[in-house]
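The primary structure of each chain is shown beneath.
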Amino acid sequence: MTPSGTTVITERLRLVPFASAHLDDLFAMNSDPKVMHYLGPPQTRDEVAANITRQQAKWAQYGFGWWSVIERETDALIGAACLQHLGHAEANPLEIGWRLRPSWHGKGYATEAGRAAMDYGFDVIGESRLMAVTELENKASARVMERLGMTYIGIQTHYDVACLTYEIKREDR
């Protein structure tokens, strides 16, 4: 991982903070019921635009938030990844997360983006522990957490749903 300010470069990906230029691709992703199956209802274009604005404010305030995940070879926006306060509550630990457009599943991109977000949290932000959560049925996301070396700590309620909850400490990565 090579951080350049808030942009992170990996072997195959470029993670860039949400920007207005990403609106069309983020809307295509976040309005797709397959992508949003475990994440909430598909989003309208206005909701995606408002989220981009919110994320830009979070980047300015905290130095982290949501990135657009761009495949370097094609320059295609293939997903999104985050470092954010768990449950959007500032008192909570930071969590990493990701989502991908369906045509990009099964290629290791979620793990690569998750590792980039994790490394950013540890190496740039200086966190000592990071969390990740997913709905109980989302076994693919849980497998990514395990590939990242995260430890399952149980079922907890986050975002008003029961979640498989994982953590990793800086010294355990």
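Scroll up a little and you will see the structure.
Since the model is a prediction, treat every value here as computed from it, not as a measurement.

Overall, the coordinates contain seven aromatic pairs when judged by the stated rule. Taking the centre distance of 5.2 Å and the plane angle of 70° together, the rings of Trp59 and Trp67 count as edge-to-face. Take Trp59 and Trp67: they sit in the same class, and that class is buried. Joined through ring pairs, the aromatic side chains of Trp59, Trp67 and Tyr120 make up one cluster. It is Arg12 that lies over the ring of Tyr109; its NZ or CZ is 4.1 Å from the centre.

This part takes up unusual backbone geometry. A positive phi angle, near 65°, is found at Asp75, a position not held by glycine. Structurally, Asp75 is set in the loop between strand S4 (66-71) and strand S5 (77-85).

Parameters and conventions
- Residue indices begin from 1 for each chain and proceed along its sequence in written order.
- Whole-chain, interface and lining totals are the exception, using all residues; otherwise, since this is a predicted model, local features are given only for residues with pLDDT of at least 70 and side-chain atom pairs are given and counted only at 80 or more.
- To get the side-chain values, take all heavy atoms of the structure and skip hydrogens and water.
- Whether two aromatic rings pair depends on their centres lying within 6.5 Å, for rings of Phe, Tyr and Trp, where Trp uses its six-membered ring; planes under 30 degrees apart make the pair stacked, over 60 edge-to-face, and the rest tilted.
- Buried, partly exposed and exposed residues are distinguished by accessible area as a fraction of the type maximum, computed with a 1.4 Å probe on protein chains only: under 20%, between the cut-offs, and over 50%, respectively.
- Note on geometry: a ring has a charge over it if NZ (lysine) or CZ (arginine) is within 6 Å of the ring centre and within 35 degrees of the ring normal.
- The helix count covers DSSP runs of H or I at least four residues long, the strand count covers runs of E at least two residues long, and both are numbered beginning at the N terminus.

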